[in-house]
Amino acid sequence: MSRAALLVLADGRFPAGGHAHSGGAEPAVAAGRIKDAATLERFCRGRLHTAGLVAAALAAAAAAGCDPLLLDDAADARTPVPALRQVARRLGRQMMRAARATWPDPALDALAAARPRGAHQPVVLGLAARSAGLAPLDAAYAVAYESISGPATATVRLLSLDPFDATAVLAHLAADVDLVARQAAAAAERVATEGIDALPAASAPLLDITAQAHAAWPVRLFAS
Amino acid sequence: MHLDHKDTFPERYTYSAAAPVRPDGTRRALRIGLGGPVGTGKTATVAALCRALRDELSIAVVTNDIYTREDAEFLLREAVLPPERISAVETGACPHTAIRDDISANLEAVEDLEAAVGAEGNGPLDLVLVESGGDNLTATFSKGLVDAQIFVIDVAGGDDIPRKGGPGVTSADLLVINKTDLAPYVGVDLEGMARDAKAQRGELPVAFTALKAENGVRPVADWVRARLAEWTVGPA
Ligand SMILES: Nc1nc2c(ncn2[C@@H]2O[C@H](COP(=O)(O)OP(=O)(O)O)[C@@H](O)[C@H]2O)c(=O)[nH]1
Ligand SMILES: [Mg+2]
């Protein structure tokens, strides 16, 4: 296993479309729920332990070799609002493009053929991690980290927040990322014996509601 | 695990501009990027090109707005092309990232347009124009996204822009200096601009345009026709 492959996959500059998405930070900033580093940290902690955990577990399960189409259905079931399902599939398609160019693998080709409009992004990322020779825990780490680095980067652009403060927020949350990644990998491991329902289904209703509303904003900086 | 791959650059999977051939073996549409600062006339150039060329070529447009779908909506309102030939990409406050560092959303938009127009039974596209969201003088298109790029500046931005250079001015395949009709009002010396552009660009072409005038886009349209002629005969 190459640990460096994880750095490539988790790099914010990995060209898979993430830069155009705020992970719910744009509506939270507009509503005044994120207004400084402290509130950004609260937002990120909440997202990490809900949407982040669910996504990390899906990725870990895909990296562990679970059927990606079953996982894709499980992701749909865990994503109640259409706007976020659409975003997850669009980002999944972009991740697929980057992954097939980076770590070519027949398993990626098969999923791309079965879901030409895109599978859910964490499922594709998990499969990409597998193609890169990474472990389920690595995939969980990449997704858990992405669930907070996305909103933090977006908030720097939206609020002109001091980038050092935003990065310190990510550092404060490192132990939480460790915890969530381990929970996610453990759940993925149980899928073999308990089936897909072993995966967590934590939800963040406010993220869902604001994402759906944001999709209809006539003027916005981020796609989600 | 699949760690040992002989093909290091499997472009056939990505259909980026590095792969000029469609899966069925035919040559895909020529992709031309239009970049340059906000307000210089990129959307106006796209609209005028569509009007000038749509009777002879099958065209589609991708816009990259900074926010909203302003440019796409302008093109729709002006009815320069039917709506299924216009697609808007959202760029997350970083228009240059979407055309250079992470081109995945733009590639998807281009491919979806190719598929949508093909599905209508209108045959394949000849030309896809990709307009950037308007950025600074350093923003350029990735070669993975477009085959050629046009950089649009205007005389109202001041006659020192060609002298200042930057990657768009110095290396774009065509430099368009637009709004020459405004030169007398802003006290700009067009000959000086031409000299400075020549000094920066050597043999690379420069077109002066006044898009508000009848047929004002002509030099750009002629350049596009010439690129397309080269593209069509190019090695598959
Ligand atoms: N006077 C004059 N105005 C122009 C010309 N070309 C474009 N414009 C105007 O300049 C403004 C900005 O043009 P637009 O195409 O939206 O710029 P973009 O931001 O680069 O896409 C619009 O109001 C156009 O009508 C021109 O040649 N002369
Ligand atoms: Mg424009």
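Residues numbered from 1 in each chain as written. Chains lettered and ligands numbered in written order. Predicted model: local features only at pLDDT ≥ 70, side-chain atom pairs only at ≥ 80, totals over all residues. Heavy atoms only, no water.

Asker: When you look at the pattern of salt bridges in this model, what are you seeing that I'm missing?
Answerer: Opposite charge on two side chains makes pairing possible when the charged atoms of those side chains draw close. Overall, the coordinates contain 27 salt bridges over all chains when judged by the stated rule. For Arg-45 of chain A, the salt bridge is made with Glu-41 of chain A, and the minimal N-O distance between the two is 3.5 Å. Of this pair, Arg-45 of chain A and Glu-41 of chain A both sit in helix 3 (residues 37-63), four residues apart, which is roughly one turn of that helix. On the basis of relative accessible area, Glu-41 of chain A is assigned to the buried category, the value being 16%. Notably, a salt bridge pairs Asp-112 of chain B with Arg-117 of chain A, separated by 3.3 Å at the nearest N-O pair. Here Arg-117 of chain A lies in the loop between helix 6 (106-114) and helix 7 (121-131) and Asp-112 of chain B lies in helix 5 (residues 104-119), a pairing that spans two chains. Accessibility expressed as a relative area gives 26% for Asp-112 of chain B, which makes it partly exposed. Counted as one network, the salt bridges with shared partners bring together Asp-72, Asp-73, Asp-76, Arg-85, Arg-89 and Arg-115 of chain A. (Salt bridge = Lys/Arg side-chain N within 4 Å of Asp/Glu carboxyl O. Helix = DSSP H or I, 4+ residues; strand = E, 2+ residues; numbered from the N terminus. Buried < 20%, exposed > 50% of the residue type's maximum accessible area, 1.4 Å probe, protein only.)

Asker: In this structure, what is going on with the coordination of the magnesium ion (ligand 2)? I would like to understand it.
Answerer: Note on metal sites: the ideal angle is 109.5 degrees for four tetrahedral donors, and 90 or 180 degrees for six octahedral donors. Residues and elements named next belong to chain B. Surrounding the magnesium ion (ligand 2) are the protein donor atoms Thr-43 (OG1), Asp-71 (OD) and Glu-131 (OE), at 2.1 to 2.5 Å. If you list the donors of the magnesium ion (ligand 2) from N- to C-terminus, the spacing comes out as T-x27-D-x59-E. Of the two residues, Asp-71 sits in helix 3 (residues 70-77) while Glu-131 sits in strand 4 (residues 127-131), which places them 60 residues apart along the sequence. Summarising the burial analysis for this pair, Asp-71 and Glu-131 share the class buried. (Donors = N, O, S within 2.8 Å, 3.2 Å for Na, K, Ca; no water.)

Asker: Quick question: what am I supposed to make of the sheet that holds strand 6 (residues 174-178) of chain B here?
Answerer: Sheet strands pair by backbone hydrogen bonding; their relative direction is either parallel or antiparallel. All names here are of chain B. The sheet built from seven strands is open, its strands ordered 3-2-4-1-5-6-7 with parallel pairing. One side of each edge strand has no neighbouring strand; the edge strands of this open sheet are strand 3 (86-90) and strand 7 (206-208). Strand-to-strand twist of the sheet, defined as the mean angle between neighbouring strand axes without regard to direction, takes the value 20°. For strand 2 (residues 59-65) and strand 4, the ladder comprises five bridges, and the chain directions are parallel. The residue of strand 4 that forms the bridge with Val-62 is Val-130. The strands that helix 2 (residues 42-53) touches are strand 1 (30-35), strand 2, strand 4 and strand 5 (148-154); relative to strand 4, the one it contacts most, it runs at about 165°. Where helix 9 (residues 190-201) meets the sheet, its contacts fall on strand 5, strand 6 and strand 7, and the angle it forms with strand 7 comes to roughly 165°. (Pairing = 2+ DSSP bridges. Axes fitted to C-alpha atoms, helices over the stretch in contact; angles between N-to-C directions. Contact = heavy atoms within 4.5 Å.)

Asker: Just checking my understanding: could you explain the interface of chain B and chain A for this structure?
Answerer: Size of an interface: often given as the accessible area lost when the parts come together. Across the contact, 25 residues belong to chain B and 29 residues belong to chain A. Interface area, chain B with chain A, both sides summed: about 2400 Å², of which 54% is carbon and sulfur. There are six salt bridges connecting chain B and chain A. Ionic pairing is found between Glu-108 of chain B and Arg-93 of chain A, a salt bridge with its closest N-O pair at 3.8 Å. (Buried area = accessible area lost by both parts, 1.4 Å probe.)

Asker: Please explain empty space enclosed by the protein as it appears in this structure.
Answerer: Any empty space left between atoms is shown by rolling a water-sized probe over those atoms. Residue and element names in this part refer to chain B. For the coordinates displayed, the defined rule picks out two cavities of 30 Å³ or more. Computed from the structure, the second largest cavity encloses a volume of approximately 30 Å³. What lines the second largest cavity is Gly-35, Ala-139, Thr-140, Phe-141, Gln-149, Ile-150, Phe-151, Gly-168 and Ala-172. Counting residues per element, the lining of the second largest cavity draws most heavily on strand 5, at three residues. Class assignment for the residues of the lining of the second largest cavity results in five nonpolar, four polar and no charged. (1 Å grid on protein atoms, 1.4 Å probe; cavity = no way out; pocket = protein on both sides within 12 Å on 5 of 7 lines; lining within 4 Å. Points joined across faces, edges and corners; volume = space filled by probe spheres on them. Nonpolar A, V, L, I, M, F, W, Y, C, P; charged D, E, K, R; others polar.)

Asker: How should I be thinking about helix 9 (residues 163-172) of chain A in this particular structure?
Answerer: Because an α-helix packs 3.6 residues into every turn, residues spaced three or four apart end up facing the same way. All names here are of chain A. Among all positions in helix 9, only Ala-166, Val-169 and Leu-170 are buried. One side of helix 9 holds all its buried residues, which, seen down the axis, span an arc of 95°. Opposite the packed face of helix 9, turned more than 90 degrees from it, sit the exposed residues Phe-164, Ala-171 and His-172. Two to three positions downstream of the cap, the backbone nitrogen of Phe-164 sits 2.8 Å from a side-chain oxygen, assigning the N-cap of helix 9 to Asp-162. (Arc of directions from axis to C-beta. Polar contact = N/O pair within 3.5 Å; in protein donor to acceptor, adjacent residues only side chain to side chain.)

Asker: What's the story with the confidence of the model for chain B in this structure? I'm lost.
Answerer: Residue and element names in this part refer to chain B. Across chain B, the average pLDDT comes to 87, with 91% of residues at or above 70. Here residues 1-15 is a poorly scored stretch, pLDDT under 50, and it has 28 contacts once near neighbours within four places are set aside; other chains count. Both scores are available for the predicted complex, with the pTM at 0.89 and the ipTM at 0.86. (pLDDT = per-residue confidence, 0-100.)

Asker: How do you make sense of the side chain of Glu-26 of chain A when you look at a structure like this?
Answerer: Residue and element names in this part refer to chain A. Structurally, Glu-26 can be placed in helix 2 (residues 25-30). We note that Glu-26 is buried and unpaired, the nearest opposite charge coming from Arg-220 at a distance of 5.8 Å. In contact with Glu-26, other than residues within four places in its own chain, are Leu-158, His-214, Trp-217, Arg-220, Leu-221 and Phe-222. (Lys, Arg positive; Asp, Glu negative; His and termini not counted.)

Asker: Can you walk me through unusual backbone geometry in this structure?
Answerer: A negative phi angle is the norm for most residues apart from glycine, just as the trans form is the norm for most peptide bonds. Although it is not a glycine, Ser-160 of chain A adopts a positive phi angle of roughly 55°. In this structure, Ser-160 of chain A sits in the loop between helix 8 (136-159) and helix 9. Even without being glycine, Ala-79 of chain B reaches a positive phi, approximately 55°. The topology assignment puts Ala-79 of chain B in the loop between helix 3 and strand 3.

Asker: For this particular structure, what's the right way to read the pairing of strand 2 of chain B?
Answerer: Regular strands place their side chains on alternate faces of the sheet. All names here are of chain B. The element strand 2 is largely enclosed, with a buried count of seven among its seven residues. Side chains of strand 2 alternate between two faces, with Ile-59, Val-61, Thr-63 and Asp-65 and Ala-60, Val-62 and Asn-64 buried alike. Here five bridges tie strand 2 to strand 3, and the two strands are oriented parallel to one another. Of the residues in strand 3, the one forming a bridge with Val-61 is Ile-86.

Asker: What is the right way to read the site of ligand 1 from this model?
Answerer: Residue and element names in this part refer to chain B. By nearness alone, 16 residues border ligand 1, and Gly-39, Lys-42, Ala-44, Asp-181 and Leu-211 come closest of all. In the environment of ligand 1, an oxygen atom lies 3.2 Å from a nitrogen or oxygen atom belonging to the side chain of Glu-131. Looking at the shell around ligand 1, the element that brings in the most residues is helix 2, giving three residues. Of the residues that constitute the shell around ligand 1, the class distribution is six nonpolar, five polar and five charged. (Near = heavy atom within 4 Å.)

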